Amino acid sequence: MVRKFVEGENIDIGFDGKLCIHSRNCVLGHPEVFVPNAPGQWIHPEAGAVEAIVGVAHSCPSGAITYRRKDGGPEEAAPVVNLVRVRENGPLAFNAEMDINGETMLRATLCRCGASENKPFCDGSHTKAGFAATGEPETKESIALEARNGAVKVTPLPNGSLKVEGNLEIVSGTGRTVDRVTKVFLCRCGHSKNKPFCDGSHKAAGFVG
């Protein structure tokens, strides 16, 4: 990942364009800081209050936007509850204390259509590919986890599913609990008939990634 920081007096703003899924929370929330369609530099830390910038970063589902505080305030903390949200006709949005291929992240949006050219991360290819998958999968019977936070290891298996190990709650796009797990295999080829869970369809589909 290539993250560049724009320095400000009280806060530095980091941005990684390869992770960005253009949710537009930044340019809609604080367009004075994140200037839409600007030629050249489009991020201006000095134009906004620190807490406002922190809020925008926390609302960035892909983890493309991060920050470094210089005012003595706290850096982003790991979530109290590890979550993955299933987006309608779209990706898997994680908010957890993750290790993804050796990279530490708290927010990430991962491909589940199989078409991204930036696997395991979403690059918006699901729209062009016409990917169709509900964001409201059926609720599975599960019991409350003893702990709802902690480290989560995310491993994209070669030409296969997304193996996730750690305390995790899978929720629908509207926030309904779908499942509670400590280990799960999620579909990332786009062909499972049991989405968001893997059913082995990647083999017959010849998925490469």
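Everything numeric here is computed off the predicted structure, so don't read it as measured data.

### A few points about the sheet that holds strand β3 (residues 65-69)
Consideration 1: Read from one edge to the other, the open sheet built from three strands follows the order β1-β2-β3, with strand pairing classed as antiparallel. Since the sheet does not close on itself, it has two edges, and those belong to β1 (4-6) and β3, each with one partner. Each strand axis lies, on average, 30° off the axis of its neighbour in the sheet, ignoring direction.
Consideration 2: Here three bridges tie β1 to strand β2 (residues 11-15), and the two strands are oriented antiparallel to one another. Its bridge partner being in β2, V6 is matched across the sheet by I13.
Consideration 3: Each of β2 and β3 is contacted by helix α2 (residues 50-58), which is oriented at about 145° to β3, the strand it contacts most.

### A word on the pairing of β3
Consideration 1: Of all five residues making up β3, four are buried, and the element is well covered by its neighbours.
Consideration 2: Of the pairings in the sheet, the one linking β2 to β3 comprises five bridges and is antiparallel in character. Across the sheet, I11 pairs through a bridge with R69, a residue of β3.

### Describing the packing of aromatic side chains
Consideration 1: Using the criterion set out here, one finds two aromatic pairs in the structure.
Consideration 2: Consider the rings of F34 and W42, whose centres lie 6.1 Å apart with planes at 55°: the pair is tilted.
Consideration 3: Using a relative accessible area of 0% as the deciding quantity, one classes F34 as buried.
Consideration 4: Members of the aromatic cluster, joined through ring pairs, are F15, F34 and W42.
Consideration 5: In this arrangement the basic side chain of R68 is found over the ring face of F5, its NZ or CZ atom lying 3.7 Å from the centre.
Consideration 6: Here the guanidinium or amino end of K140 rests over the ring plane of F197, the centre of that ring lying 4.4 Å away.

### Comments concerning the nonpolar core
Consideration 1: Residues F34, F94, M98, V164, I170 and L186 are the most contacted members of the largest nonpolar core, which totals 42 residues.
Consideration 2: With near-sequence residues (within four places) excluded, M98 lies in contact with E103, T104, M105, L106, R107, A108, V152 and V154.

### Some thoughts on the pattern of salt bridges
Consideration 1: On inspection of all chains with the given rule, the structure shows eight salt bridges.
Consideration 2: Measuring nitrogen to oxygen at the nearest pair gives 2.8 Å for the salt bridge that ties K70 to D12. On the criterion of sequence distance, the pair formed by K70 in the loop between β3 and β4 (83-86) and D12 in strand β2 is long-range, its members being 58 residues apart.
Consideration 3: Overall, the relative accessible area of 3% leaves D12 in the buried class.
Consideration 4: Across the pair R107 and E76 runs a salt bridge, and its minimum N-O distance is 3.0 Å. Placement of the pair is R107 in strand β6 (residues 103-110) and E76 in the loop between β3 and β4, with a sequence separation of 31 residues.
Consideration 5: Three or more residues joined by partner-sharing salt bridges are found here, namely D12, R68 and K70.

### As for the pairing of β4
Consideration 1: In terms of strand pairing, β4 meets strand β5 (residues 92-100) through four bridges, oriented antiparallel. If you follow R85 over to β5, its bridge partner there is A93.
Consideration 2: The turn joining β4 and β5, which pair antiparallel and follow one another in sequence, is formed by five residues; a positive phi near 55° is taken by N89.
Consideration 3: Pairing between β4 and strand β8 (residues 162-171): three bridges, direction parallel.

### Some points on unusual backbone geometry
Consideration 1: The residue after K119, namely P120, is reached through a cis peptide bond having omega 5°.
Consideration 2: Within the secondary structure layout, P120 lies in the loop between β6 and α3 (125-129).
Consideration 3: Cis geometry marks the peptide bond from K195 to P196, where omega comes out at 10°.
Consideration 4: Position of P196 among the secondary structure elements: in the loop between β9 (177-186) and α4 (201-205).
Consideration 5: Positive phi, normally seen in glycine, also occurs at H22, with a value near 60°.
Consideration 6: Structurally, H22 is set in the loop between β2 and α1 (25-29).

Cut-off values and rules
- Residues numbered from 1 in each chain as written.
- Predicted model: local features only at pLDDT ≥ 70, side-chain atom pairs only at ≥ 80, totals over all residues.
- Heavy atoms only, no water.
- Pairing = 2+ DSSP bridges.
- Helix = DSSP H or I, 4+ residues; strand = E, 2+ residues; numbered from the N terminus.
- Axes fitted to C-alpha atoms, helices over the stretch in contact; angles between N-to-C directions.
- Contact = heavy atoms within 4.5 Å.
- Buried < 20%, exposed > 50% of the residue type's maximum accessible area, 1.4 Å probe, protein only.
- Phe/Tyr/Trp six-rings, centres within 6.5 Å; stacked < 30°, edge-to-face > 60°.
- Lys NZ or Arg CZ within 6 Å of the ring centre and 35° of its normal.
- Core = buried A, V, L, I, M, F, W, Y, C linked by side-chain atoms within 4.5 Å.
- Salt bridge = Lys/Arg side-chain N within 4 Å of Asp/Glu carboxyl O.

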